[in-house]
Amino acid sequence: RAMIACLAALLAACGARETSSTAPSPAAADAAGNRLVSLAAQADGRRCHDDWCVNAGADIAPSFERDGATHLLAPAQQAMPAPWDNAIVQADGAVLFGLVDTRTVMYSGGGASASALTLYRAAPGQAPVEVGLLPFGGEAEIRACFSDADVAARLQACADQYDFMAEISLDAANADGAPRLVLQTQAQTFPGRRSRSEDSLAQGPLSEADLTHWND
């Protein structure tokens, strides 16, 4: 099931605002002049836009670079983050950028991962300030075949798959200075509707119609 959440209270540093019962309209820009932009990948691994860059990766201390100054970032919950591909350029010159941390675990019969996005706000001439932590993605895979009979019954779809995806955009109708962020999420399973609290083999053989993703 797709879920849209207005994150008006997330960015206290951007100014407080009341939430609205009206569903936001996701967009790459809003009426206040805030813009969602893509960061350009550089040969050295940094991601940049205009005169500023975000740097993070394996064996690289996360940092934000602007106007010749480098600010080290110390996200408490992240071990090896990567720059978020996008950023929000505010009408007042501040930027909202992020670091994505993905944790992975392997286990007998499958594996799982979960990603979180830490958002920072960097006002002109100031060091970045952490302003939010959002769920950003996840997946899990669980073995479902233990014999040739299972393989046949499952039509060779021998793993239950669970996926979670998130996307950030702007509320196009916002005209009040600070950006109003929209977080849209989607969860799905394959093959067909699966549940981690149920034994999938007890549900009986699959049909061709089951070999599709089911949106939760």
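Residues numbered from 1 in each chain as written. Predicted model: local features only at pLDDT ≥ 70, side-chain atom pairs only at ≥ 80, totals over all residues. Heavy atoms only, no water.

Draft legend 1. Molecular detail of the overall build of the protein chain. Secondary structure assignment for the protein chain yields one helix and 16 strands. In the protein chain, which comprises 216 residues, the share counted as buried stands at 42%. Counting only contacts in the protein chain whose residues sit at least 6 apart along the sequence, the fraction spanning at least 24 positions is 55%. For the protein chain, the exposed area adds up to about 11400 Å²; of that, 51% sits on carbon and sulfur atoms. (Helix = DSSP H or I, 4+ residues; strand = E, 2+ residues; numbered from the N terminus. Buried < 20%, exposed > 50% of the residue type's maximum accessible area, 1.4 Å probe, protein only. Contact = heavy atoms within 4.5 Å. Areas by Shrake-Rupley, 256 points an atom, 1.4 Å probe, with all protein chains shown as cover.)

Draft legend 2. How the structure looks around the state of the cysteines. Within this structure, the stated rule accounts for two disulfides. Each disulfide pairs two cysteine sulfurs, and for C145 the partner residue is C158, the sulfurs being separated by 2.1 Å. On the sign convention where negative means left-handed, the S-S torsion of about -85 degrees between C145 and C158 marks this disulfide as left-handed. Placement of the pair is C145 in the loop between β13 (129-143) and α1 (148-153) and C158 in the loop between α1 and β14 (159-171), with a sequence separation of 13 residues. On the basis of relative accessible area, C145 is assigned to the buried category, the value being 8%. Counting only the cysteines that form disulfides, in the order they appear in the protein chain, gives the pairing 1-2, 3-4. (Disulfide = S-S within 2.5 Å.)

Draft legend 3. Summary view of the confidence of the model for the protein chain. When pLDDT is averaged along the protein chain, the result is 84, and 86% of the positions lie at 70 or above. Per-element confidence in the protein chain ranges from a low mean pLDDT of 36 for strand β1 (residues 3-6) to a high of 95 for strand β10 (residues 86-89). (pLDDT = per-residue confidence, 0-100.)

Draft legend 4. Quick peek at the packing of aromatic side chains. Evaluated as defined, the whole model comprises three aromatic pairs. Summarising the aromatic geometry, the rings of F64 and F97 are spaced 4.6 Å apart at their centres and angled 10 degrees between planes, so their arrangement reads as stacked. Here the residue F64 occupies a position in strand β7 (residues 60-66), and F97 occupies one in strand β11 (residues 95-107), the gap between them amounting to 33 residues. Aromatic rings pair up to connect W52, F64, F97 and Y120 into one cluster. Across from the ring centre of Y162, 5.9 Å away, lies the NZ or CZ of R196, which sits over that ring. (Phe/Tyr/Trp six-rings, centres within 6.5 Å; stacked < 30°, edge-to-face > 60°. Lys NZ or Arg CZ within 6 Å of the ring centre and 35° of its normal.)

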